[in-house]
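Here are the chains, one letter per residue:
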Amino acid sequence: MRPSWDEYFMQIADLVKTRSTCIRRQVGAVIVRDRRIVATGYNGAPSRCAHCEDVGCLREQLGIPSGQRHELCRAIHAEQNAIIQASSTGTSMDGATIYVTCQPCVLCAKMLINAGIQRIVFNGEYPDELAMSLLQEAGIRVERFRSAPTAAEPPVDGE
């Protein structure tokens, strides 16, 4: 069966995350405008810096829980890398949709708002209520991805 556009781009985000070098959580992101991919990103150390999979995870070593102390991490988040990729080529993100394999954190949410992203489709929880609150305040459409049911997977009541 042919996937919907959301399924298609989320599948690509799932593939993008396989490039991640984070040892705690692999995340992929795809920015799309007019059904065309503008940029992709995955979480990992900055260019020319050692990857966490090679030197270990500072957050693990310090016992920092998920969703806290974002500044104590070698990695750049997938959404941030996608924004950087688009801006490095001078590509506008105004009105775009981002597909991301995990709910954005507050740092990414603020960047997505200012980058002009109008819709976020995510698949995966992240403990950051402030991010969701800011996105709602800014009028960004935020949707939890739900794949279409297959023959082996009957629809949930009400679908």
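Engineer: For this particular structure, what's the right way to read the packing of helix α4 (residues 78-88) against helix α5 (residues 106-115)?
Structural biologist: Any two packed helices are characterised by the angle at which their axes cross and by the distance between the axes. Across the interface, α4 lies against α5 with an axial gap of 9 Å and an inter-helix angle of 25°. Comparing the axis directions of α4 and α5 gives the class roughly parallel. Between α4 and α5 lies a crossing whose hand is left-handed. Facing α4, whose interface residues are E79, Q80 and I83, α5 presents L107, C108, M111, L112 and A115. Looking at the contact of α4 with α5 residue by residue, the classes come out as six nonpolar, one polar and one charged.

Engineer: I keep staring at the sheet that holds strand β3 (residues 97-100) and nothing clicks. Help me out?
Structural biologist: Across a sheet, paired strands are connected by hydrogen bonds in the backbone, their directions being either parallel or antiparallel. Spatially, the five strands line up as an open sheet ordered β2-β1-β3-β4-β5, and their pairing is mixed. The open sheet has two edge strands with one neighbour each: β2 (36-42) and β5 (141-144). Strand-to-strand twist of the sheet, defined as the mean angle between neighbouring strand axes without regard to direction, takes the value 15°. Bridge count for strand β4 (residues 119-122) against β5 is four bridges, and the pairing is parallel. Bridging across to β5, R119 finds its partner in R141.

Engineer: Before we go on, may I ask you to explain the pairing of β4 in this structure?
Structural biologist: A regular strand carries its side chains on alternate faces of the sheet. The side-chain alternation of β4 yields two buried faces, one formed by R119 and V121 and the other by I120 and F122. Viewed along the sheet, the connection from β3 through α5 into β4 turns out right-handed. Chirality of the crossover, the property in question, places the unit of β4, helix α6 (residues 129-137) and β5 among those that are right-handed.

Engineer: I tried to follow the pairing of strand β1 (residues 28-33) on my own but got confused; where do I start?
Structural biologist: With five of its six residues buried, β1 lies for the most part within the structure. Where β1 and β2 come together, six bridges link them in antiparallel fashion. When the sheet's bridge partners are listed, G28 is paired in β2 with Y42. Taken together, β1 and the strand that follows it, β2, pair antiparallel across an intervening segment of two residues, in which D34 is found at a positive phi of about 55°. Relative to β3, β1 is paired through four bridges, and the arrangement is antiparallel. In the sheet register, I31 faces β3, and the bridge partner there is I98.

Calculation notes
- Residues numbered from 1 in each chain as written.
- Predicted model: local features only at pLDDT ≥ 70, side-chain atom pairs only at ≥ 80, totals over all residues.
- Heavy atoms only, no water.
- Axes fitted to C-alpha atoms, helices over the stretch in contact; angles between N-to-C directions.
- Helix = DSSP H or I, 4+ residues; strand = E, 2+ residues; numbered from the N terminus.
- Parallel < 35°, antiparallel > 145°, perpendicular 65-115°, else oblique.
- Left-handed = near helix turned anticlockwise from the far one by under 90°.
- Contact = heavy atoms within 4.5 Å.
- Nonpolar A, V, L, I, M, F, W, Y, C, P; charged D, E, K, R; others polar.
- Pairing = 2+ DSSP bridges.
- Buried < 20%, exposed > 50% of the residue type's maximum accessible area, 1.4 Å probe, protein only.
- Right-handed = clockwise from strand over helix to strand, strands pointing away.

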